[in-house]
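Residue-level listing of the chains:
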Amino acid sequence: MNTVEITNLKKSYATNKVQALQGITFNVQPGELFGLIGPDGAGKTTLFRILTTLIIPDSGTATVLGFDVVKDFKEIRKIVGYMPGKFSLYQDLTVEENLEFFATVFNTTVEENYELIKDIYIQIEPFKKRKAGKLSGGMKQKLALCCALIHKPEILFLDEPTTGVDAVSRKEFWEMLQGLKVQGITILVSTPYMDEASLCDRVALIQKGEILDLNTPQGIIENYKKPLWAVRSDNMHRLLNDLRKYDQTDTCYAFGDTHHLTLKNSDMTADDIERHLQNEHHHYVEVNKIEPNIEDCFMALMKI
Amino acid sequence: MEETVISTHKLTKRFGEFTAVDAITFEVSQGEIFGFLGANGAGKTTAMRMLCGLLSPTSGQAQVAGFDVFKQAEKIKQNIGYMSQKFSLYEDLTIRENIQLYGGIYGLNNRDLKSKSEALIQRLQLQEESNKPVRSLPLGWKQKLAFSVAILHEPKIVFLDEPTGGVDPITRRQFWDLIYEAAAEGITVFVTTHYMDEAEYCNRVSIMVDGRMDALDSPAGLKKTYQANSMDEVFVQLARRAVRSG
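Residues numbered from 1 in each chain as written. Chains lettered and ligands numbered in written order. Predicted model: local features only at pLDDT ≥ 70, side-chain atom pairs only at ≥ 80, totals over all residues. Heavy atoms only, no water.

Considerations on the overall build of chain A
Across its full length, chain A carries 10 helices and 14 strands. For the C-alpha atoms alone, the extent of chain A along its principal axes is close to 70 × 45 × 35 Å. Residues counted as buried form 52% of the 304 residues belonging to chain A. Taking contacts inside chain A between residues at least 6 apart in sequence as the whole, the part at least 24 apart equals 68%. For chain A, the accessible area works out to roughly 14100 Å², and carbon and sulfur atoms hold 49% of it. Here chain A contributes 34 positively and 42 negatively charged side chains, and the mean placements of these two sets differ by 6 Å. (Helix = DSSP H or I, 4+ residues; strand = E, 2+ residues; numbered from the N terminus. Buried < 20%, exposed > 50% of the residue type's maximum accessible area, 1.4 Å probe, protein only. Contact = heavy atoms within 4.5 Å. Areas by Shrake-Rupley, 256 points an atom, 1.4 Å probe, with all protein chains shown as cover. Lys, Arg positive; Asp, Glu negative; His and termini not counted. Charge placed at Lys NZ, Arg CZ, Asp CG, Glu CD.)

Observations concerning the sheet that holds strand 2 (residues 18–29) of chain B
Residue and element names in this part refer to chain B. The strand order across the open sheet built from 4 strands is 2-1-4-5, with neighbouring strands paired in antiparallel fashion. At either margin of the open sheet sits one strand with a lone partner, and together these are strand 2 and strand 5 (67–68). As paired elements, strand 1 (residues 4–15) and strand 2 share 8 bridges and run antiparallel to each other. Residue Thr-8 lies in a different strand from strand 2, and its bridge partner there is Phe-26. Those strands touched by helix 1 (residues 44–51) are strand 1, strand 2 and strand 4 (59–64), and its axis lies near 125° from that of strand 1. (Pairing = 2+ DSSP bridges. Axes fitted to C-alpha atoms, helices over the stretch in contact; angles between N-to-C directions.)

Topic: the interface of chain B and chain A
Counting from both sides, the interface comprises 31 residues of chain B and, opposite them, 31 residues of chain A. Of the roughly 2500 Å² buried between chain B and chain A, counting both surfaces, carbon and sulfur atoms make up 58%. Three residues stand out in chain B for area buried against chain A, namely Ile-170, Arg-173 and His-194 of chain B, and they jointly supply 23% of the buried area on that side. Viewed at the interface, chain A and chain B are joined by 5 salt bridges. At the junction of chain B with chain A, the criterion picks out 13 residue pairs in polar contact (both at pLDDT 80 or more). The biggest single contributor to the side of chain B that touches chain A is helix 6 (residues 169–184) of chain B, with 6 residues. Counted by class, the side of chain B that touches chain A contains 11 nonpolar, 9 polar and 11 charged residues. (Buried area = accessible area lost by both parts, 1.4 Å probe. Salt bridge = Lys/Arg side-chain N within 4 Å of Asp/Glu carboxyl O. Polar contact = N/O pair within 3.5 Å; in protein donor to acceptor, adjacent residues only side chain to side chain. Nonpolar A, V, L, I, M, F, W, Y, C, P; charged D, E, K, R; others polar.)

A short note on the domain arrangement of chain A
All names here are of chain A. When its domains are assigned, chain A resolves into domain 1 (4–221) and domain 2 (228–303). The centre of domain 1, based on its C-alpha atoms, is set 37 Å off from the matching centre of domain 2. Each partner contributes residues to the interface: domain 1 has 15 residues there, and domain 2 has 10 residues. In this assembly, domain 1 packs against domain 2 so that about 1100 Å² is buried in total across both faces, 74% of it on carbon and sulfur atoms. Looking at the side of domain 1 facing domain 2, the largest losses of area belong to Met-194, Leu-212 and Ile-221, adding up to 52% of the total buried there. There are 0 salt bridges connecting domain 1 and domain 2. For the interface between domain 1 and domain 2, the tally reads 0 residue pairs in polar contact (both at pLDDT 80 or more). At the level of elements, strand 9 (202–207), strand 10 (210–215) and helix 7 (217–222) are the ones that each hand at least two residues to the side of domain 1 that touches domain 2. Counting residues per element, the side of domain 1 that touches domain 2 draws most heavily on helix 7, which supplies 4 residues. (Domains from an automatic or database assignment.)

Looking at unusual backbone geometry
Note on backbone geometry: most residues besides glycine have negative phi, and most peptide bonds are trans. Residues and elements named next belong to chain A. Located in the positive-phi region is Asn-8, a residue other than glycine, with phi close to 50°. With respect to the secondary-structure elements, Asn-8 resides in strand 1 (residues 4–13). Relative accessible area serves as the criterion here: at 39%, Asn-8 is assigned to the partly exposed category. A positive phi angle, close to 65°, is found at Thr-53, a residue other than glycine. Tracing the backbone shows Thr-53 in the loop between helix 1 (44–51) and strand 4 (59–64).

Focus: the nonpolar core
Core analysis: the biggest nonpolar cluster contains 70 residues, and Ile-33, Leu-145, Phe-147, Leu-160, Ile-207 and Phe-235 of chain B have the highest contact counts within it. A per-element tally of this core places helix 6 of chain B first, with 7 residues. The contacts of Leu-145 of chain B, once residues within four sequence positions are left out, are Leu-89, Ile-95, Ile-99, Leu-124, Val-134 and Leu-137 of chain B. Within the second largest apolar cluster, 52 residues are counted, among which are Ala-144, Ile-150, Cys-297 and Met-302 of chain A. (Core = buried A, V, L, I, M, F, W, Y, C linked by side-chain atoms within 4.5 Å.)

Thoughts on a negative patch on the surface
All names here are of chain A. A contiguous patch of negative charge, built from Asp-92, Glu-97, Glu-100 and Glu-111, is present on the exposed surface. As for its placement among the helices and strands, Asp-92 is situated in the loop between strand 6 (80–83) and helix 3 (95–105). With a relative accessible area of 56%, Asp-92 lands in the exposed category. (Patch = residues over 30% accessible without salt bridge, like charges linked within 9 Å, V, L, I, M, F, W, Y side chains within 5 Å.)

Remarks on the side chain of Asn-2 of chain A
All names here are of chain A. Position of Asn-2 relative to the elements: it lies in the segment before strand 1. By relative accessible area, Asn-2 is classed as buried at 19%. A distance of 3.4 Å separates polar atoms of two side chains, one belonging to Asn-2 and the other to Glu-5. With sequence-adjacent residues up to four places away left out, Asn-2 is seen in contact with Asn-27, Val-28, Gln-29 and Pro-30.

A word on the packing of helix 6 (residues 167–182) of chain A against helix 9 (residues 231–239) of chain B
In contact at an axis separation of 9 Å, helix 6 of chain A and helix 9 of chain B are set at 85° when each is read in the N-to-C sense. Here helix 6 of chain A is positioned roughly perpendicular relative to helix 9 of chain B, judged by the angle of their axes. On the side of helix 6 of chain A, the interface is formed by Ala-167, Val-168 and Lys-171 of chain A, while helix 9 of chain B contributes Asp-232, Phe-235, Val-236 and Ala-239 of chain B. Split into classes, the residues belonging to the contact of helix 6 of chain A with helix 9 of chain B amount to 5 nonpolar, no polar and 2 charged. (Parallel < 35°, antiparallel > 145°, perpendicular 65-115°, else oblique.)

Looking at helix 6 of chain A
Residues and elements named next belong to chain A. In this model helix 6 runs 23 Å from its N-terminal to its C-terminal C-alpha over 16 residues, within 8% of the 22 Å that 1.5 Å per residue would give. Taken as a whole, helix 6 has its buried residues at Ala-167, Val-168, Ser-169, Arg-170, Phe-173, Trp-174, Met-176, Leu-177 and Leu-180. Measuring from the side-chain oxygen of the N-cap residue of helix 6 to the backbone nitrogen of Val-168 gives 2.9 Å; that N-cap residue is Asp-166. At the exit of helix 6 stands Gly-184, carrying a positive phi of roughly 90°. (Expected span 1.5 Å × (residues − 1).)

Shown next as structure tokens:
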């Protein structure tokens, strides 16, 4: 049995006439770390709210561990852990009071399931007497994760846990998720950061309520068929403008310290591109054929 | 010689025992794209609030757009632009109403407001949509409009606080085209981001650690100093030094 089964799920909101989910279908397998990768407005939060039984879909079906999200909502609420995108702990309770509160609500104790949260909790334990509202962003995030785990859920839903978090804390958070995965917990996590896709077993690239592609990260990359070139010169801004004007260019996007270029004609070589740029008076031109990353793939699949 | 539009000397902010910003000294030139990086809790927000005239420093000196942060905070507010991903436009107001509201807040007189509004609507090619609520615009256009509104009163400097958070990859890159255009017109762009590829697009990047400004150089210079292949590696090396908990 799949841990999560979603079939043709649709949801729209009357207030802004937006169809948040336009018929989504996918499964999450037991023990999988599954990523929903997409920008704001993709429908990620709507999907989480349906799976955690907080809102009802317009049509389609979804089950979590075999339970239907509409009929069996009481069962689902006992076995899932949920970390919403917005910090939702009690700001005026201390760290340990929050944890005890969530344990009690789920009819368990902190001691009973301590093993599961131990590695994460010890990082915030020095501040256990501090009110949750007074914690820094990184510590709030760790406490929220502990509270979502304290009843030993079989599946964890994490809605944008790393949004607004710096690059170092993001890395640490993903290390924590790998640790939980080893303990057998199925995890469905959403993120707008494309680079986090490579840390998942499988990902769905999602935009405007539709899945653009669903595969292993490597599978998504292998589906990118066009040759991709990384280009740089001594004047990156002029280079970007010149490459966009180049009549052979199909797409050209800035990517940190290089520009990623695809051409209309797949037979062209690095020498051809270099020669063109030298004619445009660029110096120190470097052109290398590269493997795309998830962000390249996402942009190639996007509907604008 | 380019004009200096931000200049600080040992700028410090303490909250009780806690030193949020610890004697930072730096300068930013006219037309520069200045990346302002740091881990969560490193002091970025506090520093930015002081530079925008929203928070009074504890000690040190700073001038922004030619005004003193201690004595002329109100003048600073009138002479800068500000935009963030979270705080931007009023969704229920029309495009024209948003432009006029912000232009009015930034102190444009009625005549300028009228001509600048029309010029902006034309430049963005939003004539057809100008009387529709902002809510109906695609995200990329909203961003473009929010940025244009933030610089409508032709400030010397615009502060962008995580302007591209949560935005799709193509819109994110289009936003950087706007940044380059503004800089080319002589507006200084002071920008924070958690996307390390965007750090590469800045002329210079500063990285704050535990309230101090531990690094300040061009992206190429920083990569050389820290023997790193990417700005991500530079950032990780510096941020891992932090003693303070994020």
